[in-house]
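Topology and contacts: notes
Each chain, letter by letter, is given below.
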Amino acid sequence: MHLMENLRSEDDCRLFLENVRWQGTPVCPHCGSISDKHHRLKTQGTFNGLYKCKDCRKRFTVTVGTMFEGSHITLLKWFYAIYVFLSHKKGISSTQLSKDINVTQKTAWFILARIRCNMKECERVLFDGIVQMDETYVGGKNKGRFKNNLGRSIKQKTPVVGVLTGDRVIAMVVPDTTRRTLHTIIYGLIKPGSTIVTDEWPAYNGLSNEYVHETVEHNLRQYVNNAGFHTNGIEGFWSHLKRGLKGIYHFVKPKYLQMYCNEFAYRYTTRKMHDAERFIQFLSRSTVRCRYSDLQLNIM
Ligand SMILES: [Zn+2]
């Protein structure tokens, strides 16, 4: 049975979220107390999810500390938006969403932006083993890194650095692709002892000898080096990202690019999950609220 068929009312959604976040036993977000004995407060005779902590006496609901806190949009609408956005390979447009759940387009855009904010990886587990790394350029009109030193036009492309192991990828908007920037990313994200596979871009050179560095000579039309290493995974991700940005969003303002990189990296990393599994995992860790002001909103 389709998961969403079980979520037909506000109560269904609240109970579902309580199960995902608390596994059945309410947790006070103020003092951390976990208990079945928290008081269930009723409003006009009915209980609709408001608890009072038995220890610190403060009130809470399951949405405190989540992306839903303080929202005037019903959980039913949020859940629909999240489910559809995560399940469709290409997401959903704010215009379509506004029709589906009967909100304004501006509200729909905001819902989607808040979902995107929560597509970021929250646990910073270091990349390990054989790690592919590469940079690409998005938007603008110049031809990328080889022309970077010739002055910056307004149509400058934005550099993005990607790191990939197996099914997991992270894509970061960076100010430049200098040695300093790339090495900072490597030392921050990749575990010593790993093998880093890149192309021949010299900014990768000179790494600490705690890392093994393998290069693939793309300018010699080499796709797999003599030791069998390649960067096909990260290059596959770039084409996925670029096709996606072109197809759906037409033009992405640089200030929103990181948000879209997170979205595409998330889709890539979770692509083998079932829709229901992805939805539950998303709900279990969606804690970023990102308000209007955080987004520096401009409606696209
Ligand atoms: Zn408490």
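All values reported here derive from a predicted model rather than from experimental measurement.

**With respect to the packing of helix H2 (residues 75-87) against helix H4 (residues 105-117)**
A pair of packed helices can be characterised by two numbers: the angle between their axes and the separation between those axes. At their nearest, the axes of H2 and H4 sit 10 Å apart, and the two run at 60° to each other. Judged by the inter-axis angle, H2 sits oblique to H4. Both H2 and H4 take part in a crossing whose hand is right-handed. Seen from H2, the contacting residues are Trp78, Ala81, Ile82 and Phe85; seen from H4, they are Ile111, Leu112 and Ile115.

**Comments concerning the environment of Lys37**
Within the fold, Lys37 resides in the loop between helix H1 (10-22) and strand S1 (39-43). A sequence separation of 18 residues divides Lys37 from Asp55, and the C-alpha atoms of the two residues are 9.7 Å apart.

**Some thoughts on the pairing of strand S4 (residues 130-138)**
Counted residue by residue, S4 has 7 buried out of 9 residues, so it is predominantly covered. With 3 bridges joining them, S4 and strand S7 (residues 195-198) adopt parallel strand pairing. Within S7, the residue paired with Val131 across the bridge is Ile196.

**Details of the sheet that holds strand S8 (residues 212-215)**
As summarised here, the arrangement of the 5 strands in space is S6-S5-S4-S7-S8, forming an open sheet in which the pairing is mixed. Because the sheet does not close on itself, it has two edges, and the strands there are strand S6 (168-173) and S8. Averaged over all adjacent pairs, the angle separating strand axes in this sheet is 25°, with direction ignored. Where helix H5 (residues 179-189) meets the sheet, it contacts strand S5 (158-165), S6 and S7, and its direction lies at approximately 30° from that of S5. Docked against the sheet, helix H7 (residues 254-269) engages S4, S5 and S6, running at close to 175° with respect to S6.

Rules of the game
Residues numbered from 1 in each chain as written. Predicted model: local features only at pLDDT ≥ 70, side-chain atom pairs only at ≥ 80, totals over all residues. Axes fitted to C-alpha atoms, helices over the stretch in contact; angles between N-to-C directions. Helix = DSSP H or I, 4+ residues; strand = E, 2+ residues; numbered from the N terminus. Parallel < 35°, antiparallel > 145°, perpendicular 65-115°, else oblique. Left-handed = near helix turned anticlockwise from the far one by under 90°. Contact = placed C-beta atoms within 7 Å. Buried ≥ 20, exposed ≤ 12 C-beta atoms within 10 Å, placed from the backbone. Pairing = 2+ DSSP bridges.

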